[in-house]
Amino acid sequence: MFGSVLRDLYEPTDYIVPSGDFHIPYFIIRQRPQATVAPRRSDAKRDSNKFQVMVNVKLFRPHEIDVKTVDNFVVIHAKHEEQADEYGFVTREFTRRCRLPDDVEPRTVTSSLSQDGVLTIQAPRKMLEPPTKNERIVPITIQLPAAVVVAQKLLQKLQQQLQEQKQKAAQQASKEPKQ
């Protein structure tokens, strides 16, 4: 381990050529590159409420990525055809299979791709306990705009007046003598 640390800090293949015909090894202290902010290739989080896997796919376009469930696995496959890069041409392809825990239903798996190229696959875990029995459905009341409420009240008032007029007409018709 100590040797690898020294190898990372010192590079003995760099030489200084002083005036003369011989070479003297010159060790150059190199700084290790800073850790990047991007996540590792993949990262799984353990959570009691959900199953989640994050995969770095920033080298692929969204249409080059497939996510599917096969039996009790999530399969992520990404592939792009030959593309030019700074060194020439490159073709990339990878497949990652993740076993779903026993308490995760494969039909509930969802995936999303962030702007920085991180594919997040998640699914809720099944509840171990049944829901409590003190369950009550709370009705939702829909609030109407004020103009609609005023119009409905006016319509009800007109309907009541119409019914009252029909009742009066029926009463008058029954009071009139028949000829």
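As the structure is a computational prediction, the values presented were derived from the model and not from experiment.

## Considerations on the packing of aromatic side chains
Then, in step 1: Inspection of the entire model under this criterion finds one aromatic pair.
Then, in step 2: A ring pair is formed by Phe60 and Phe94, whose centres lie 5.7 Å apart and whose planes are at 55°; its orientation type is tilted. Of this pair, Phe60 sits in the loop between strand 6 (50–56) and strand 7 (65–70) while Phe94 sits in strand 9 (residues 88–99), and the two are 34 residues apart along the sequence.
Then, in step 3: By relative accessible area, Phe60 is classed as buried at 11%.
Then, in step 4: The positively charged end of Arg97 is found above the aromatic ring belonging to Phe73, 4.1 Å away from the centroid.

## Some details on the pattern of salt bridges
Then, in step 1: All chains considered together, the criterion is met by four salt bridges.
Then, in step 2: Its salt-bridge partner being Asp103, residue Arg125 comes within 2.8 Å of it at the nearest N-O pair. In this pair, Arg125 is assigned in the loop between strand 11 (118–124) and helix 2 (146–175) and Asp103 in the loop between strand 9 and strand 10 (110–113), connecting sequence segments 22 residues apart.
Then, in step 3: A residue is classified by how much of its surface remains accessible, and Asp103, at 23% relative accessible area, is partly exposed.
Then, in step 4: Residues joined in a network through salt bridges with shared partners are Glu105, Arg107 and Lys126.

## Things to note about the sheet that holds strand 7
Then, in step 1: With respect to topology, three strands assemble into an open sheet ordered 7-8-9, the strand pairing being antiparallel. One side of each edge strand has no neighbouring strand; the edge strands of this open sheet are strand 7 and strand 9. The mean inter-strand angle of the sheet, taken between neighbouring strand axes irrespective of direction, is 10°.
Then, in step 2: Sheet analysis places strand 8 (residues 73–85) next to strand 9, joined by 11 bridges and oriented antiparallel. Its bridge partner lying in strand 9, Asp85 is registered against Gly88.

Cut-off values and rules
Residues numbered from 1 in each chain as written. Predicted model: local features only at pLDDT ≥ 70, side-chain atom pairs only at ≥ 80, totals over all residues. Heavy atoms only, no water. Phe/Tyr/Trp six-rings, centres within 6.5 Å; stacked < 30°, edge-to-face > 60°. Helix = DSSP H or I, 4+ residues; strand = E, 2+ residues; numbered from the N terminus. Buried < 20%, exposed > 50% of the residue type's maximum accessible area, 1.4 Å probe, protein only. Lys NZ or Arg CZ within 6 Å of the ring centre and 35° of its normal. Salt bridge = Lys/Arg side-chain N within 4 Å of Asp/Glu carboxyl O. Pairing = 2+ DSSP bridges. Axes fitted to C-alpha atoms, helices over the stretch in contact; angles between N-to-C directions.

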